[in-house]
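Letter by letter, the chains look like this.
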Amino acid sequence: MTSFKIPKTHPRYESLIKREKIIDGFKAGIVAHAGLIAHGRGEAFDYILGEKTNEFALVAERAAVAKLLLSENPVFSVNGNVAALAADEVIELAKRLNMKVEANLFYRTEERIKKIVDLFRERGLEILGEKPDARIRGLDHARALCTYEGIYSADTILIPLEDGDRTKALREMGKYVITIDLNPMSRTATTANITIVDELTRALKNMIKLADMNKETAKETLQNYKNNKIIEDALSFMSERLHELGNGKIP
Ligand code: ATP
Ligand code: MG
C-alpha cells in the first residue's frame, strides 16, 4: 500500500485513494504508462459529473445487470487499471452473475498479464488470459489475442475503460458490449450497446447491489432501455452542470 496517508476527512478522499491505487498498480507493473494518463482523463470527467452516480448511470447499470443475467456466456474483460482499482468488486460481481473473467490488455505484455492473473489468484479467483488461443478479428496481433473459452466465444462482454478500436472490433464480431466509461464522447462510449457513464468502482458496487434481479424483471428492463438516450442525458447533465456553475452556483 501507499506510504502517503490520506486523511479520511479530506473532501476528495475517495478520489485520492483511487489515485494512490493506480500509482501503486503502476509501481507493481500492473498499470501501463498510458493507464496513468487514462486515469487522469477519467478524473476530469468525473469532476464534471459531480463525482457521484447520476440517474442515467443507474439506469444503464440496471440494464447491464439485466443483460448479463440473461446471457449464456458473459465475460468480464479486465485491464491493468481495472485490476488495480477494483479487483474485489470484479470478483464479487463475476460470482454473483456467473461471469468468467479474462485479462485482456491494450498494451499486452506477458509479464503484465501474469501479474494480473496472479493478483486475482491471490484473492481466490482463477481468470483467463494467460494462454490465448484465439484472436479478435480486425486487430493487429498483440491487441487481438484472447481465449476461445472467454472473450472469443462470449455473447456479452463487460469491458470497462476500453479503447474505441477494440470496442468496434468486438461489436463487429457480433458481441453485445457493455462498457463503463466516464467520457460519454469516447469512441467506446458511443460504440457500446450499453454505456455506463460512471466511475468504475462506483458502478461495480451499484451493479453488485442490483445482482439479485429476477429474469422477468431483467427482460422488462432491457426492453425499455435506449442507449442513445442515456448518452444524450449524460451530455446534457454535464453541460447543464457547467452552465449552472458558470452562473454563480459554485458552492
Ligand atoms: P476511445 O479510444 O474510446 O475513443 P480514449 O482513447 O480517450 O477513448 P482509452 O484510454 O482508450 O480512452 O480508454 C479509457 C477510458 O476510460 C477514457 O474514456 C477514460 O475517461 C475512462 N476512465 C478512466 N478511468 C476511469 C474510471 N476509473 N472509471 C470509469 N472510466 C474511466
Ligand atoms: Mg483509445
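Please refer to the structure placed before this passage.
No experiment lies behind these values; they were computed from the predicted model shown. The residue count restarts for each chain, going from 1 along the sequence in the order it is written. As a convention, the first chain written is A and the first ligand written is 1, with the rest following in written order. Totals for whole chains, interfaces and linings use every residue, but because this is a predicted model, local features are given only for residues with pLDDT of at least 70 and side-chain atom pairs only at 80 or more, for both listing and counting. To get the side-chain values, all heavy atoms of the structure are used, and hydrogens and water are removed first.

Trainee: Which residues make up the overall build of the protein chain, and what values go with them?
Mentor: Assigned secondary structure in the protein chain consists of 11 helices and 7 strands. Since a compact globule built from 251 residues should have a radius of gyration of about 18 Å, the 18 Å found for the protein chain is in line with a globular shape. Across its three principal directions, the C-alpha atoms of the protein chain cover 55 × 50 × 35 Å. Under the scheme applied here, a residue whose accessible area is under 20% of the maximum for its type counts as buried, over 50% as exposed, and between as partly exposed, the area being computed with a 1.4 Å probe on protein chains only. Counting the 251 residues in the protein chain, one finds 53% classified as buried. For the protein chain, the proportion of contacts with a sequence separation of at least 24, taken over those separated by at least 6, is 64%. Working note: accessible area of the protein chain is about 12,600 Å², and carbon and sulfur atoms make up 52% of it. Residues scored as charged are limited to Lys and Arg (positive) and Asp and Glu (negative), so that His and the chain ends carry no count. To locate a charge, the coordinates of NZ of Lys, CZ of Arg, CG of Asp or CD of Glu are taken. Computed over 38 positive and 37 negative side-chain charges, the inter-centroid distance for the protein chain is 1 Å. In DSSP terms, a helix is any run of H or I states spanning at least four residues, a strand is any run of E spanning at least two, and both are numbered starting from the N terminus. Each radius of gyration is computed over the set of C-alpha atoms, and the globule rule expresses the reference value as 2.2 Å times the number of residues to the power 0.38. Working rule for contacts: check all heavy atoms of both residues, and any pair within 4.5 Å makes them a contact. Method for areas: the Shrake-Rupley scheme with a 1.4 Å probe, in which residue coverage is limited to the protein chains shown.

Trainee: Could you give an account of the nonpolar core, with specific residues and numbers?
Mentor: Of all hydrophobic cores here, the largest spans 58 residues; its most connected members are Phe-76, Val-78 and Phe-120. Setting aside residues no more than four positions away along its own chain, Val-78 makes contact with Val-90, Val-101, Glu-102, Ala-103, Asn-104, Leu-105, Ile-116, Phe-120 and Ile-127. Counting 15 residues, the second-largest nonpolar core is a separate cluster that includes Val-75, Ala-144, Ile-157 and Ala-192. Side-chain atoms within 4.5 Å are what join buried Ala, Val, Leu, Ile, Met, Phe, Trp, Tyr and Cys residues into a set we call a nonpolar core.

Trainee: Help me get a handle on the site of ligand 1, residues and values and all.
Mentor: Contacts to ligand 1 come from 17 residues, most closely from Arg-41, Gly-164, Asp-181, Thr-188 and Glu-199. The definition of a polar contact used here is a pair of N or O atoms within 3.5 Å, where within protein one atom must be able to donate a hydrogen and the other to accept one, and adjacent residues in sequence count solely through side-chain atom pairs. In this structure, a nitrogen atom belonging to ligand 1 sits 3.2 Å away from a main-chain N or O atom of Leu-182. One of the backbone N or O atoms of Arg-187 is found 2.9 Å from an oxygen atom in ligand 1. Among the elements that line the shell around ligand 1, the one with the most residues is helix α2 (residues 33–49), at 3 residues. Residue polarity follows a fixed list, in which Ala, Val, Leu, Ile, Met, Phe, Trp, Tyr, Cys and Pro are nonpolar, Asp, Glu, Lys and Arg are charged, and the others, Gly among them, are polar. Of the residues contributing to the shell around ligand 1, the split by class is 5 nonpolar, 5 polar and 7 charged. Residues are classed as near a molecule or strand on a simple rule: at least one heavy atom within 4 Å of it.

Trainee: Give me the lowdown on the layout of surface pockets, citing residues and values where you can.
Mentor: Considered as a void within the structure, the largest pocket measures approximately 970 Å³ in volume. What lines the largest pocket is a set of 49 residues, among which Ala-38, His-39, Arg-41, Asn-81 and Leu-161 lie closest to the centre. Among the secondary structure elements, those contributing two or more residues to the lining of the largest pocket are α1 (13–27), α2, β1 (74–78), α4 (80–96), α7 (164–172), α8 (187–191) and α9 (200–210). When residues of the lining of the largest pocket are assigned to their parent elements, the largest contribution, 10 residues, is made by α2. The class makeup of the residues in the lining of the largest pocket is 20 nonpolar, 13 polar and 16 charged. Two kinds of site are reported from a 1 Å grid over the protein atoms alone, namely cavities, where a 1.4 Å probe fits but cannot get out, and pockets, open sets with protein on both sides within 12 Å along at least five of seven lines, and residues are called lining when an atom falls within 4 Å of a point. Grid points are joined across faces, edges and corners, and a volume is the space filled by probe spheres set on the points.

Trainee: Outline the pattern of salt bridges, listing residues and values.
Mentor: By definition here, a salt bridge exists when the distance from a side-chain nitrogen of Lys or Arg to a carboxyl oxygen of Asp or Glu is within 4 Å. Going through the model one piece at a time under the given rule, you end up with 19 salt bridges. The partner of Arg-123 in a salt bridge is Asp-88, and the shortest N-O contact between them spans 2.8 Å. With a gap of 35 residues between them, Arg-123 in the loop between α5 (110–122) and β3 (134–135) and Asp-88 in helix α4 connect regions that are remote in the sequence. Salt-bridge contacts for Arg-108 lead to Glu-110; the nearest nitrogen and oxygen are separated by 2.9 Å.

Trainee: Quick rundown of the packing of helix α3 (residues 55–69) against helix α10 (residues 215–223)? Include the residues and the values.
Mentor: The angle between two axes is taken between their N-to-C directions and runs from 0 to 180 degrees, where each axis is a line fitted to C-alpha atoms and a helix contributes only its stretch in contact. The contact between α3 and α10 brings their axes to 8 Å, and the two run at 125°. One finds that α3 runs oblique with respect to α10. The element α3 and its partner α10 pack so that their crossing is left-handed. Every residue of α10 that contacts α3 at Arg-62, Ala-63, Ala-66, Lys-67 and Leu-69 is listed here: Lys-215, Ala-218, Thr-221 and Leu-222. Grouping the amino acids of the contact of α3 with α10 by side-chain chemistry returns 5 nonpolar, 1 polar and 3 charged. Working definition: roughly parallel below 35 degrees, roughly antiparallel above 145 degrees, roughly perpendicular at 65 to 115 degrees, and oblique for all remaining angles. Note on convention: the crossing is left-handed when the near helix lies turned anticlockwise from the far helix by less than a right angle, right-handed when the turn is clockwise.

Trainee: So what's going on with the side chain of Ser-71? Residues and values would help.
Mentor: Note on placement: Ser-71 falls in the loop between α3 and β1. A distance of 2.7 Å separates polar atoms of two side chains, one belonging to Ser-71 and the other to Thr-156. Apart from residues no more than four positions distant in its own chain, Ser-71 is found in contact with Asp-155 and Thr-156.

Trainee: Requested: an account of unusual backbone geometry, with residues and values cited.
Mentor: Despite not being glycine, Glu-51 shows a phi value in the positive range, around 50°. Inspection of the secondary structure puts Glu-51 in the loop between α2 and α3. Looking at Glu-51, the relative accessible area reads 30%, which means it is partly exposed. Positive phi is not limited to glycine here, since Asn-98 has a value of about 55°. Inspection of the secondary structure puts Asn-98 in the loop between α4 and β2 (100–103).

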